[in-house]
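Chain and residue survey
Each chain, letter by letter, is given below.
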Amino acid sequence: MSPIKIMINLGLLCWPTILFGFRKGWVSRKDVIDYAVDLLINGSDNEDIAIIAGGESLGNDELLDMISNQVEQAKNSAALDKWRLAYLLNIAESDENQQTKLDRLQEVYANFDYPEDMASCSIYSQDEIDPLVAMMQVVEKLRSRLTQ
C-alpha cells in the first residue's frame, strides 16, 4: 500500500499534508485531484475544491497556489474557532447576570457569522435547550477539538 493510501486509511490526510507532500514529490497531481473529489463527494461545497477536483488543466503553479489557499483557509478556520472558544469562555466565566450573558452570546453568535454548531445558542432557536447550556456544550466540543 502506498504511503498516501496509508495516510488516507489512518485519517491523516489534510491540505497541509497534501501541500507538504506535493512540494516533496510524494503526492501526485492525481492524488491532489482525488482528494478534492473525495471532499466534494463527502459534502464540501467549496468552490476552490471543485476547481482543484477538475484541475487536470491547471498548471503546477496554479495547483500549488490553490492547495496553499486551502491550507490558509484551514488555518484561519482553526484560528477563528480558537477566538470563538475564548469569547464563549469569557461569557461563561463572567459574573454578569443571565440576561447580559444571553445578550453577549447573541453578539458572539452574530460576530462569528452564525456558526452552525451554535444554532442552539440563539434565543430564536426552536430547540428546547437553554442557550447558555447550549453555549457550554459548544465550549466543551471546541475545547476538546482544539486542545487534543
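The paragraphs below set out a description of the structure included in this document. Computed from a predicted model, the values in this text were never measured in an experiment. (Residues numbered from 1 in each chain as written. Predicted model: local features only at pLDDT ≥ 70, side-chain atom pairs only at ≥ 80, totals over all residues. Heavy atoms only, no water.)

Quick notes on unusual backbone geometry
A positive phi angle, near 65 degrees, is found at aspartate 113, a position not held by glycine. Mapping aspartate 113 onto the fold places it in the loop between α6 (98–111) and α7 (131–146). Judged by relative accessible area, which is 62%, aspartate 113 ranks as exposed. One non-glycine residue, tyrosine 114, lies in positive phi territory at about 55 degrees. (Helix = DSSP H or I, 4+ residues; strand = E, 2+ residues; numbered from the N terminus. Buried < 20%, exposed > 50% of the residue type's maximum accessible area, 1.4 Å probe, protein only.)

Structural notes on a nonpolar patch on the surface
A cluster of nonpolar residues, Met1, Ile6, Leu10 and Leu12, forms a patch on the protein surface that exposes about 450 Å² of accessible area. Of note, leucine 12 is situated in the loop between α1 (3–9) and α2 (15–24). Leucine 12 gets classed as partly exposed once you look at its relative accessible area, which sits at 47%. (Patch = residues over 30% accessible without salt bridge, like charges linked within 9 Å, V, L, I, M, F, W, Y side chains within 5 Å. Areas by Shrake-Rupley, 256 points an atom, 1.4 Å probe, with all protein chains shown as cover. Salt bridge = Lys/Arg side-chain N within 4 Å of Asp/Glu carboxyl O.)

Some points on the nonpolar core
Core analysis: the biggest nonpolar cluster contains 18 residues, and Trp15, Ile18, Val32, Ile52, Leu63 and Ile67 have the highest contact counts within it. Looking at this core, the elements that each hand over two or more residues are α2, α3 (29–41), α4 (47–53) and α5 (60–93). Excluding its chain neighbours within four sequence positions, the residues that come into contact with valine 32 are Trp15, Ile18, Phe22, Val27, Ile52, Leu63 and Ile67. (Core = buried A, V, L, I, M, F, W, Y, C linked by side-chain atoms within 4.5 Å. Contact = heavy atoms within 4.5 Å.)

Side note on the packing of α2 against α5
One can describe the packing of α2 onto α5 by two numbers: an axis separation of 8 Å at closest approach and a directional angle of 150 degrees. By the criterion of interaxial angle, the relationship of α2 to α5 is roughly antiparallel. Considering only the axes of α2 and α5, their crossing is left-handed. Each of Trp15, Pro16, Ile18, Leu19, Phe22 and Arg23 in α2 lies in contact with α5, whose residues at this interface are Asn60, Leu63, Leu64, Ile67, Ser68, Gln70 and Val71. In terms of residue class, the contact of α2 with α5 is built from nine nonpolar, three polar and one charged. (Axes fitted to C-alpha atoms, helices over the stretch in contact; angles between N-to-C directions. Parallel < 35°, antiparallel > 145°, perpendicular 65-115°, else oblique. Left-handed = near helix turned anticlockwise from the far one by under 90°. Nonpolar A, V, L, I, M, F, W, Y, C, P; charged D, E, K, R; others polar.)

Just geometry here; none of it tells us what the structure is for.
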